[in-house]
Amino acid sequence: MSDFIEQAQARIRAAQASGAPLVIRGGGSKDGIGGEPVGVVVETGGHHGVVDYDPSELVLTVKAGTRITEVEATLAASGQCLPFEPPSFGGVATVGGCVASGLSGPRRPYAGAVRDYLLGVTLIDGRGDLLRFGGQVMKNVAGFDTFRLQAGAMGTLGLITEVSFKVLPKPEADETRVFAANAAEAITTMNRLAGQPLPLAGAVHRDGRLMLRLAGNPAAVTAALAKLGGEPLADAPVFWMSIREQTHPFFAGAAPLWRLAVKPTTPPLAADGIDELIDWGGGQRWLRTVLPVDAVRALAAAHGGHTTALRGIARQHTFQPPAPAVMALHRRLKASFDPAGILNRGRLYPDL
Amino acid sequence: MNAPTPPPIDTAALFPALSAVLPKGALLTTVEQMRPYECDGLSMYRRLPLCVALPHDEAQVAAVLRICHARGVPVVARGHGTGLAGGALPEEGGVLLSLARLNRIVELDPIARIARVQPGVRNLAISEAAAPHALYYAPDPSSQIACSIGGNVAENSGGVHCLKYGLTVHNVVAARVALADGEIIELGGEAPDAPGYDLMALLVGSEGLLGVVTEVTVKLLPRPQLARVVMACFDSVEKAGQGVAAIIAAGIIPAGLEMMDKLAIAAVEDFVRAGYPLDAEAILLAESDGTPEEVANEIERIEAVLAASGATAMRTSKDEAERLKLWAGRKAAFPAVGRITPDYYCMDGTIPRRHLGDVLRKIAGFSDEFGLRCANVFHAGDGNLHPLIFYDANKPGDLEKAEAFGNKILDLSVAVGGTITGEHGVGVEKIDAMCTQFHSLELGSFHAVKAAFDPKGLLNPGKAVPTLHRCAEMGRMHVHAGKTAHPELPRF
């Protein structure tokens, strides 16, 4: 067992004994997301490197401190990729933080989310025990999928040390077309096209323009382009990267930034005092608004959705709590993985 | 999981309580009435429950659970009973809760591409309802004409297309769930990435231990316009395995990628005459689906890759009739084997594909050792192997030999980095093999998850996760660093 794991186990055991909380930190790119970090920092960035990768198995196992950019470079050398396109936030984001935050990029509605590509997770729980969940194979129904539970758990159930992902071939063709459309027309088009056999890989609406990305088999992409029309988007890779990395001009400035996940057929949410960027084929709405927390949550709830407050809102409101009965399950699961409540305390919910 | 020895149940009080919350005729208590529920698809295990409850709606499901919870009565949920691991085997002192009458498609939204259905709806019925909109529900377990979506959620069912389209967990977005005490919760949602812990993902594949699904919302996908299949013959299983790796290495994800060995081919040809060559050591079926342009391009590349991998002969479907004929053989593999042996025992390990040749050689060695034949069918794309062990239940000792043979295969799957079950589930069948795959710490963690949802341990007791005591008795417990996890939990 590596020195890193033994040291981390020792620190977690000591913290459990003293009750002093620990902050798990990979590249630090998401220090600003979630409740205010409380406690002593455990750095995981030094625990990095590829553990096992055989491209013909479509499985990659990496240590959790490995940077996303390094993972992508490794995969790209064999023509493969992480289809959920996690943000690398300036290149510093790590695999552990990618899983813990559960953030996926523009291809998510068509290719799946972080949790869909998880095959196994090794973690150190709040007792200091090293636990291996899942495995390195594509199909595995032995035991509960406690590894998928780590996606989006914000490190509150354990310190992730190693992750196995299912990976896929990188699309050979990747094209983007632009169409003039208002938001309502764009949402209608996005949903209509998603019901057709097209190699969609992204659908964003902003500033009166609908951007459709098609990626995959070159013959399929060519046929789809002929069917759809539209104008090619200049610098398409730069555009999609700006959405994935939240560097598009929409994300600049000090106004509070909200992410709403809603039913994809939800009508436009833009209004007086609400600026909107539509992503994920209508399922993800980025809003800039100074509306109070309750008002934004009510807006999301009206469309079967929920909110994440990413900037400019008191940090304890970042994640919307689930219904009370489901929250009770959260507390019991947290208590079973981390009885002393020392791991990333308050990062997901104030009392978790 | 843990089944505390239950106190004797006062059926004289239980039956009237259940009858009071169920429609007339929805509580079965006689042996004749309950006989059809004594086993699921794993018929070597049979047990009768105390009674069978057949609620018609969610409120009745919740009421049954509340009554059982208050009285400490175990509950085993059942869909259409097609499972292959004994997950729906009744508990002798418990209620068998059939969800078969919750069989309505509640909503089908072709624009948002979702279907909201009750748990007793058949898998294929969802695709049939979506067909007028050129949509379908992708996971297609071989039992799809009969199996229920609720059972699919419990088992995280796969199918021959899951390499490309995913398992149940990838295609279910939301569920309503009755907890052990009858409380109804909602998990997931039509909006992506529900807040908090991904309990929807945790529920899928939990084998009825965490809750009873009362409604499921599934994703519907656009139906591919066209599909074609290539059948390729090889003179060794290793070469066929290399062909699979070469397809993936070429950047192709086929819609289906299946392998059969010589004994399976012979059984199938004798039964359905699919046109498979009897002299091949192995055949591969590689399917491409999508737009006509995409399929034409992909088929050409698959043919080139398989030729370069040493295929001795190839045939590509030219029309839908030929495609269905080529698939008919693979789909009939289990019944075909059933014709040439009195009984067979179907295994379900998944292995990293690079070990295929080695694993098949070792399985052939076990076959000699036990004196039992074994045919292999293989979801080659995702490494899920189904060895079918031939035996004769009427021959004394044969079943025990088949089980010992099977356990060696499971141990081997774990030893090469795989798993004891790729898609059938643990149920009662593979509960002892769980002790090989997981250490006591992980098993302890599973028990803690169970306790978080069902503190009294009433839902599907004795299934899916073995007690540490059971593993220790088998000498299979992997105690890590001399510690057991969760000392606060009861051990039985």
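Computed from a predicted model, the values in this text were never measured in an experiment. (Residues numbered from 1 in each chain as written. Chains lettered and ligands numbered in written order. Predicted model: local features only at pLDDT ≥ 70, side-chain atom pairs only at ≥ 80, totals over all residues.)

1. Points about the overall build of chain B
Summing up its helical and strand segments, chain B has 18 helices and 18 strands in all. Its C-alpha radius of gyration of 23 Å places chain B within 12% of the 23 Å reference for a compact globule of 492 residues. Looking at chain B as a whole, 59% of its 492 residues qualify as buried. (Helix = DSSP H or I, 4+ residues; strand = E, 2+ residues; numbered from the N terminus. Rg over C-alpha atoms; globule rule 2.2 N^0.38 Å. Buried ≥ 20, exposed ≤ 12 C-beta atoms within 10 Å, placed from the backbone.)

2. Some remarks on the domain arrangement of chain B
Residue and element names in this part refer to chain B. What the domain assignment reports for chain B is domain 1 (11–98), domain 2 (105–222), domain 3 (226–331) and domain 4 (341–415). Placing a centre on the C-alpha atoms of domain 3 and another on those of domain 4 gives a separation of 23 Å. On the domain 4 side, the residues contacting the 15 residues of domain 3 number 12 residues. Put simply, the parts of the chain that give the side of domain 3 that touches domain 4 at least two residues each are helix H9 (237–249), strand S13 (256–261) and helix H10 (262–272). Grouping the constituent residues of the side of domain 3 that touches domain 4 by class yields 11 nonpolar, one polar and three charged. (Domains from an automatic or database assignment. Contact = placed C-beta atoms within 7 Å. Nonpolar A, V, L, I, M, F, W, Y, C, P; charged D, E, K, R; others polar.)

3. Some details on unusual backbone geometry
Even without a glycine there, the phi angle at Phe 89 of chain A is positive, about 45°. Along the chain, the position of Phe 89 of chain A falls in the loop between strand S5 (80–81) and helix H3 (95–101). Notably, Glu 207 of chain B is not glycine yet its phi reads approximately 55°, a positive angle. With respect to the helices and strands, the residue Glu 207 of chain B is situated in the loop between helix H8 (199–203) and strand S10 (212–219). Using a count of 26 C-beta atoms within 10 Å as the deciding quantity, one classes Glu 207 of chain B as buried.

4. A closer look at the sheet that holds strand S4 (residues 59–63) of chain A
Residues and elements named next belong to chain A. Spatial strand order, S3-S4-S8-S6-S7: five strands in an open sheet with antiparallel pairing. Sheet topology places strand S3 (50–54) and strand S7 (130–134) at the edges, where each strand pairs with a single neighbour. The mean angle between the axes of side-by-side strands here comes to 10°, regardless of whether they run parallel or antiparallel. Of the pairings in the sheet, the one linking S3 to S4 comprises four bridges and is antiparallel in character. By the bridge assignment, Tyr 53 is partnered in S4 with Leu 60. (Pairing = 2+ DSSP bridges. Axes fitted to C-alpha atoms, helices over the stretch in contact; angles between N-to-C directions.)

5. Some details on the interface of chain A and chain B
In this complex, chain A contributes 70 residues to the contact, which on the side of chain B involves 78 residues. Mapped onto the side of chain A that touches chain B, the elements with two or more residues apiece are helix H4 (108–111), S7, strand S9 (168–169), helix H5 (183–194), helix H6 (218–228) and helix H9 (324–337) of chain A. Counting residues per element, the side of chain A that touches chain B draws most heavily on H9 of chain A, at seven residues. For the side of chain A that touches chain B, the per-class residue count stands at 33 nonpolar, 24 polar and 13 charged.

6. Some remarks on the sheet that holds strand S3 (residues 75–78) of chain B
All names here are of chain B. Spatially, the four strands line up as an open sheet ordered S1-S2-S4-S3, and their pairing is mixed. Edge strands, defined here as strands with exactly one partner in the open sheet, are strand S1 (27–28) and S3. Across the sheet, helix H3 (residues 58–71) lies against strand S2 (51–53), S3 and strand S4 (95–98), angled at about 165° from S4, the strand it touches most.

7. Quick look at the confidence of the model for chain B
All names here are of chain B. On average, residues of chain B score 93 in pLDDT, and 95% of them reach the 70 mark or higher. A low-confidence stretch, residues 477–492 stays under pLDDT 50, and its non-local contacts, those more than four residues away or across chains, total 35 contacts. Reported confidences for the modelled complex are a pTM of 0.95 and an ipTM of 0.97. (pLDDT = per-residue confidence, 0-100.)

8. Here's the deal with the packing of helix H14 (residues 356–370) of chain B against helix H15 (residues 398–415) of chain B
Residue and element names in this part refer to chain B. Between H14 and H15, the least distance of the axes is 10 Å, while the angle of their chain directions is 160°. Looking at the two axes, H14 sits roughly antiparallel to H15. The two elements H14 and H15 meet at a crossing, and its hand is right-handed. Residues Val 359, Lys 362, Ile 363, Phe 366 and Phe 370 of H14 form the contact with H15, whose own contacting residues are Lys 401, Ala 404, Phe 405, Lys 408, Ile 409 and Leu 412. A per-class count over the contact of H14 with H15 returns eight nonpolar, no polar and three charged. (Parallel < 35°, antiparallel > 145°, perpendicular 65-115°, else oblique. Left-handed = near helix turned anticlockwise from the far one by under 90°.)

9. As for the environment of Val 51 of chain A
All names here are of chain A. Among the structural elements, Val 51 can be located in strand S3. By the C-beta count within 10 Å, which is 14 here, Val 51 ends up partly exposed. The spatial distance from the C-alpha of Val 51 to the C-alpha of Ala 335 is 31 Å, given a sequence separation of 284 residues.

10. So, helix H2 (residues 68–76) of chain A
Think of an α-helix as 3.6 residues a turn; residues three or four steps apart then line up on the same face. All names here are of chain A. If you check which residues of H2 are buried, you get Ile 68, Val 71 and Leu 75. The buried residues of H2 occupy one face: seen down the axis, they fall within an arc of 60°. For H2, exposure combined with an orientation more than 90 degrees from the buried face picks out Ala 73 and Ala 76. In this structure, the buried residues of H2 make contact with S4, S5 and H3. (Arc of directions from axis to C-beta.)

11. Digging into the domain arrangement of chain A
Residue and element names in this part refer to chain A. What the domain assignment lists for chain A is domain 1 (3–169 + 329–337) and domain 2 (173–313). The distance between the C-alpha centroids of domain 1 and domain 2 comes to 27 Å. Residue-level contacts link 11 residues of domain 1 with 14 residues of domain 2. Grouping the amino acids of the side of domain 1 that touches domain 2 by side-chain chemistry returns six nonpolar, two polar and three charged.

12. Regarding the packing of H6 of chain A against helix H11 (residues 292–308) of chain B
Where H6 of chain A meets H11 of chain B, the axes come as close as 7 Å, and the angle between the chain directions of the two elements is 165°. Classed by the angle they form, the pair H6 of chain A and H11 of chain B counts as roughly antiparallel. Here H6 of chain A and H11 of chain B pass one another in a crossing that is right-handed. Along its contact with H6 of chain A, which presents Ala 219, Ala 220, Thr 222 and Ala 223 of chain A, the element H11 of chain B presents Glu 293, Glu 294, Ala 296 and Asn 297 of chain B. Per-class residue counts for the contact of H6 of chain A with H11 of chain B are four nonpolar, two polar and two charged.

13. Quick word on the pairing of strand S6 (residues 118–124) of chain A
Residue and element names in this part refer to chain A. Most of S6 sits out of view: six of its seven residues are buried. Bridge analysis of S6 against S7 gives five bridges, and the strand direction is antiparallel. Residue Thr 122 lies in a different strand from S7, and its bridge partner there is Arg 132. Hairpin connection from S6 to S7: five residues lie between these consecutive antiparallel strands, with Gly 128 at a positive phi of about 90°.

14. Some points on the nonpolar core
Within the largest apolar cluster, 254 residues are counted, with the highest numbers of intra-cluster contacts made by Ile 283 and Ile 389 of chain B. Of all the elements, helix H17 (residues 440–453) of chain B adds the most residues to this core, at eight residues. (Core = buried A, V, L, I, M, F, W, Y, C linked by C-beta atoms within 7 Å.)

15. Structural notes on H3 of chain B
Residue and element names in this part refer to chain B. Taking 1.5 Å per residue as the helical rise, H3 with its 14 residues ought to reach 20 Å, and the 20 Å between its terminal C-alpha atoms agrees with that figure. For H3, the full list of buried residues reads Gln 60, Val 61, Ala 62, Ala 63, Val 64, Leu 65, Ile 67 and Cys 68. After H3 finishes, the residue Gly 72 shows a positive phi value of roughly 70°. (Expected span 1.5 Å × (residues − 1).)

16. Looking at the environment of Thr 266 of chain A
All names here are of chain A. With respect to the helices and strands, Thr 266 occurs in the loop between strand S14 (257–261) and strand S15 (274–279). Overall, Thr 266 belongs to the buried group, with 24 C-beta atoms counted inside 10 Å. Along the chain, Thr 266 and Thr 61 lie 205 residues apart, while their C-alpha atoms are 38 Å from each other.

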